[in-house]
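# Summary of the model geometry
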Amino acid sequence: MYETIQLIKKDRVGHLVLNRPKSMNAMTGLMMKELADCFESLLQDGSLQVLVIRGEGRAFSAGGDIKEMMDPDRPMDIDVVMKDVSRLAKALYTLPQITIASIHGASAGLGFSMALACDYIIAEEGSKLAMNFIGIGLVPDGGGHFFLKERVGVPKAKQIIWAGQTLKAHDAMAKGLVDEVTAEGRALEHAEAYAQEMLMSPLRAKLASKHALHQLKIGELDKMLEMEAAAQSAMRKSEDHLEGIQAFVEKRKPEFTGK
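Quick caveat, the model's predicted, so the values are computed rather than measured.

Each turn of an α-helix holds 3.6 residues, which means side chains three or four residues apart point in the same direction. Every buried residue belonging to helix 5 (residues 144-152) is among Gly 144, Phe 146, Phe 147, Leu 148 and Val 152, and all of these are buried. Of the surrounding secondary structure, the elements contacted by the buried residues of helix 5 are helix 3 (78-93), helix 4 (110-116), helix 6 (154-163) and helix 10 (218-235). Positive phi appears at Gly 153, one or two residues downstream of helix 5, with a value of about 90°.

Rendered as structure tokens:
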């Protein structure tokens, strides 16, 4: 059904697998669209009560696919992409399932925004987590501003966004960005255990609480996604972004000018 992701259902638990392992699950325009379509389909899926999101291969997701961004033959239409990114974020936030991010390897950029949108985040101790849009002159998208603010508040969210640091799992947990840290190779096992714990609890009541709390914030998330899309479109045309991308490709430190 999908080219870049898999949705596996077993009893009341679903596994959404990011499936571009050779590219560390970097997100192409197609993957963003497929994720948005998949999450929107799950809004009406009463058969699942828990959803585990994980990556195939060496990483959860390295973020947006830089190679696709730079392809001169098939230039990325940022306005189309941002519509899918916004659909993805809103549908994920409003899912009528408990969502669990099972992180190993890298979780960066949009991959990290998506993890932060989940109800419970588990990361292996060697994971590398980064809200690193700033490194190529961009702003967080996929609701990254909103989800960071929800977890740590505005002042700390700004610090994390502006720093663009790569955090190990224990550091991320200390900042309130991760709920549980496991040994290497154990995140999925712990995610499945947490899923079973949820299934054996008064889950309908928990989901009702999630619905009430999240519905209060939908208007704010919508506005944030609108502002992120406008800002990202503008930043894609900036000199700093072009320099950041070029420096990334040339593996050198960028020389930003604030333009």
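All told, the structure shown has 17 salt bridges when counted by the stated rule. The salt bridge involving Glu 220 is made with Lys 217; its shortest N-O contact spans 3.7 Å. Looking at Lys 217, the relative accessible area reads 26%, which means it is partly exposed. Of the charged contacts, one joins Arg 252 and Glu 243 as a salt bridge, the two residues approaching to 2.7 Å between their closest N and O atoms.

Running from N to C, helix 5 and helix 10 point in directions that differ by 135°, and their axes come no closer than 8 Å. Here helix 5 is positioned oblique relative to helix 10, judged by the angle of their axes. For the pair helix 5 and helix 10, the contacting residues are Gly 144, His 145, Phe 146, Phe 147 and Lys 149 in the first and Glu 220, Leu 221, Met 224 and Glu 228 in the second. When the residues that make up the contact of helix 5 with helix 10 are grouped by side-chain class, the tally is 4 nonpolar, 2 polar and 3 charged.

Quick notes on the rules
- Residues numbered from 1 in each chain as written.
- Predicted model: local features only at pLDDT ≥ 70, side-chain atom pairs only at ≥ 80, totals over all residues.
- Heavy atoms only, no water.
- Buried < 20%, exposed > 50% of the residue type's maximum accessible area, 1.4 Å probe, protein only.
- Helix = DSSP H or I, 4+ residues; strand = E, 2+ residues; numbered from the N terminus.
- Contact = heavy atoms within 4.5 Å.
- Salt bridge = Lys/Arg side-chain N within 4 Å of Asp/Glu carboxyl O.
- Axes fitted to C-alpha atoms, helices over the stretch in contact; angles between N-to-C directions.
- Parallel < 35°, antiparallel > 145°, perpendicular 65-115°, else oblique.
- Nonpolar A, V, L, I, M, F, W, Y, C, P; charged D, E, K, R; others polar.

In short, the description is geometric, and any link to function would need to be established separately.
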